[in-house]
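# Summary of structural features
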Amino acid sequence: MRTQVGIIGAGPAGLLLSRLLALQGIDSVVLENRSRDYVEARIRAGILEQHTVDTLTEAGVGDRLAREGLEHRGIYLQYPGTRHKLDFPELCGRTVWVYGQTEVTKDLIKAQLDGGPPLLFEVSDVRPEDVDTDSPRIRFTDADGNPQVLECDVVAGTDGFHGVSRPVVQQAAGGQVWERTYPYAWLGILADAAPATDELIYAWHPDGFALYSMRSTKVSRLYLQVDPSEKIEDWSDDRIWDNLATRFALEGWDLNTGPVTEKSILPMRSFVSAPMRRGRLFLAGDAAHIVPPTGAKGLNLAVADVTLLASALVRLLAEKQTDLVDSYSERALARVWRCTHFSWFMTSMLHRAGDDFDAQLQLSQLRRVVSSEAAARELAENYTGLPLDY
């Protein structure tokens, strides 16, 4: 098999990269070790920055997003007795959209299978080779059990934290990893309950953080801060709703409840791997970095990565110029670290940890944000998305 760009991983990063390259006349093949059903069912992020929405629209996969996505013009910050709205258009002139990563993935897969570049599911034994040469290859076993070799000019590793691509990059001299594991986790639920709020609510509470989000006008997505050692089977639906009601409590406002259709516990961590390139192998998305979901940056960072990478690869393969691929890792990491800091800031400000002294510092920071236009604008600018080349 022969292509220009071999892409390992059919999450949003890999699929969008293939789409952006195809629009510029660059061939690719996408390899995915899971089934289509599995990939389309993964529950992930749901907040899209304006840049992400614009990129998906320009790539021709934004029609359903425009019909079914929910544009949001701000968030609420809450602590006991107070709920304050940050108006994003007023503060920074931008908005965000609620549209689940699951739906983004479905849209990209549909476009890929509808006359797009090859997308192979259920492959195994994937191994990138000779990435330090101008003729890398990917060895893999196809869904029928046949060994295959994909010859290519470039390999893109968009196969997530547990994928095969990052270890290959890290084997090169100078590879570094930074990691922070947080002492709490999120218990997340999907519920068939109409949202009781027009914007997301980020709530600080002595019992722990809570987040009120949504997926549609009929489906709510809610989170509770819990200890990482908690077991999901110990959390009945009634216990979850009781804790949510306590943490979101506000005079004159009531929580909408309904059947819980999905629940899981998500550990919280920050992770950055550098560089994001080794020879002709380039990393993007969760293969290179993970952020806690408090800042709504994971999917948006992946889109920013592949937007930069697509431009760089087009310049390399179509124009034979190496300047953008040579600077890709540095440019991408500058934005990664800014978003990592913002995610850490939101996480540290809102999650109950430490002693009462820490709690008072958190409340002081929250009061600063809701009372200072400068502090509120800083949060709004980061939340809605910084320029691509930060």
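Since the model is a prediction, treat every value here as computed from it, not as a measurement.

### Quick notes on the overall build of the chain
For the chain, the count of helices and strands is twelve helices and 20 strands. When the 390 residues of the chain are sorted by exposure, 55% land in the buried category. Total accessible area on the chain stands at roughly 16,400 Å², and carbon and sulfur atoms take up 47% of it. Computed over 40 positive and 54 negative side-chain charges, the separation of the two mean positions in the chain equals 2 Å.

### With respect to the layout of surface pockets
The space that makes up the second largest pocket amounts to roughly 240 Å³. Around the second largest pocket sit eleven residues that line it, and Gly100, Glu103, Arg215, Ser216 and Val219 are the ones nearest its centre. Of the residues contributing to the lining of the second largest pocket, the split by class is four nonpolar, three polar and four charged.

### Description of the side chain of Ser165
With respect to the helices, strands and loops of the structure, Ser165 is situated in helix H7 (residues 165–170). Discounting chain neighbours no more than four positions away, the residues touching Ser165 are Ile8, Gly157, Asp159, Leu281 and Leu283.

### What about the sheet that holds strand E14 (residues 200–203)?
Strands in a sheet are paired, the pairing made by backbone hydrogen bonds, and the direction either parallel or antiparallel. Taking strand neighbours across the sheet as the criterion, the eight strands line up as E6-E5-E14-E15-E16-E13-E17-E20 in an open arrangement whose pairing is mixed. The sheet is open, and its two edges are formed by strand E6 (82–87) and strand E20 (289–290), each paired on a single side. Of the strand pairs in this sheet, strand E5 (residues 74–79) and E6 are connected by six bridges, and their pairing is antiparallel. Following the sheet pairing, Tyr76 is matched in E6 by Lys85. Strands strand E13 (176–191), E14, strand E17 (260–274) and E20 of the sheet are contacted by helix H10 (residues 323–350), whose axis makes an angle of about 130° with E17. The strands touched by helix H11 (residues 356–371) within the sheet are E5 and E6, with E5 carrying the most contacts at an inclination of about 140°.

### Examining the state of the cysteines
In protein chemistry, a disulfide is the covalent bond that joins the sulfur atoms of two cysteines. In the structure shown here, the tally under the stated rule is zero disulfides. Lacking any disulfide linkage, Cys339 is separated from the closest cysteine sulfur, that of Cys92, by 14 Å. Since its relative accessible area comes to 3%, Cys339 is described here as buried.

### Observations regarding helix H9 (residues 298–319)
Here H9 spans 31 Å end to end across 22 residues, near enough to the 32 Å set by a 1.5 Å rise per residue. For H9, the tally of buried residues reaches 17 of 22 residues, placing the bulk of the element in the interior. Following H9 by one or two positions, Lys320 has its phi on the positive side, about 60°.

### Here we look at the sheet that holds strand E18 (residues 277–278)
Spatially, E8-E2-E1-E12-E19-E18 is the arrangement adopted by the six strands of the open sheet, whose pairing is mixed. The open sheet has two edge strands, strand E8 (119–120) and E18, and neither has a second partner. Running at roughly 175° to strand E12 (residues 154–157), H9 makes contact with strand E1 (5–8), E12 and strand E19 (281–283) of the sheet.

### Focus: the pattern of salt bridges
Scanning the model with the defined rule gives 23 salt bridges in all. Close ionic contact of Glu129 with Arg139 constitutes a salt bridge, the shortest N to O distance being 2.8 Å. Of this pair, Glu129 sits in strand E9 (residues 124–129) while Arg139 sits in strand E10 (residues 137–141), placing them ten residues apart in sequence. By relative accessible area, which is 30% here, Arg139 ends up partly exposed. Across the pair Asp356 and Arg352 runs a salt bridge whose closest N-O atoms are separated by 2.9 Å. For Asp356, a relative accessible area of 55% gives the class exposed. What emerges from the salt-bridge pattern is a single network uniting Arg127, Glu129, Asp130, Arg137, Arg139 and Glu151.

### Side note on the packing of H11 against helix H12 (residues 373–384)
Packed helices, taken two at a time, are described by the angle between their axes plus the distance between the axes. Remark: H11 packs on H12, axes separated minimally by 5 Å, with the N-to-C direction vectors making an angle of 95°. Here H11 lies roughly perpendicular to H12, going by the angle between them. Residue-level inspection shows Arg368, Val369 and Ser371 of H11 in contact with H12, the latter providing Glu373, Ala375, Ala376 and Leu379.

The rules behind each value
Residues numbered from 1 in each chain as written. Predicted model: local features only at pLDDT ≥ 70, side-chain atom pairs only at ≥ 80, totals over all residues. Heavy atoms only, no water. Helix = DSSP H or I, 4+ residues; strand = E, 2+ residues; numbered from the N terminus. Buried < 20%, exposed > 50% of the residue type's maximum accessible area, 1.4 Å probe, protein only. Areas by Shrake-Rupley, 256 points an atom, 1.4 Å probe, with all protein chains shown as cover. Lys, Arg positive; Asp, Glu negative; His and termini not counted. Charge placed at Lys NZ, Arg CZ, Asp CG, Glu CD. 1 Å grid on protein atoms, 1.4 Å probe; cavity = no way out; pocket = protein on both sides within 12 Å on 5 of 7 lines; lining within 4 Å. Points joined across faces, edges and corners; volume = space filled by probe spheres on them. Nonpolar A, V, L, I, M, F, W, Y, C, P; charged D, E, K, R; others polar. Contact = heavy atoms within 4.5 Å. Pairing = 2+ DSSP bridges. Axes fitted to C-alpha atoms, helices over the stretch in contact; angles between N-to-C directions. Disulfide = S-S within 2.5 Å. Expected span 1.5 Å × (residues − 1). Salt bridge = Lys/Arg side-chain N within 4 Å of Asp/Glu carboxyl O. Parallel < 35°, antiparallel > 145°, perpendicular 65-115°, else oblique.

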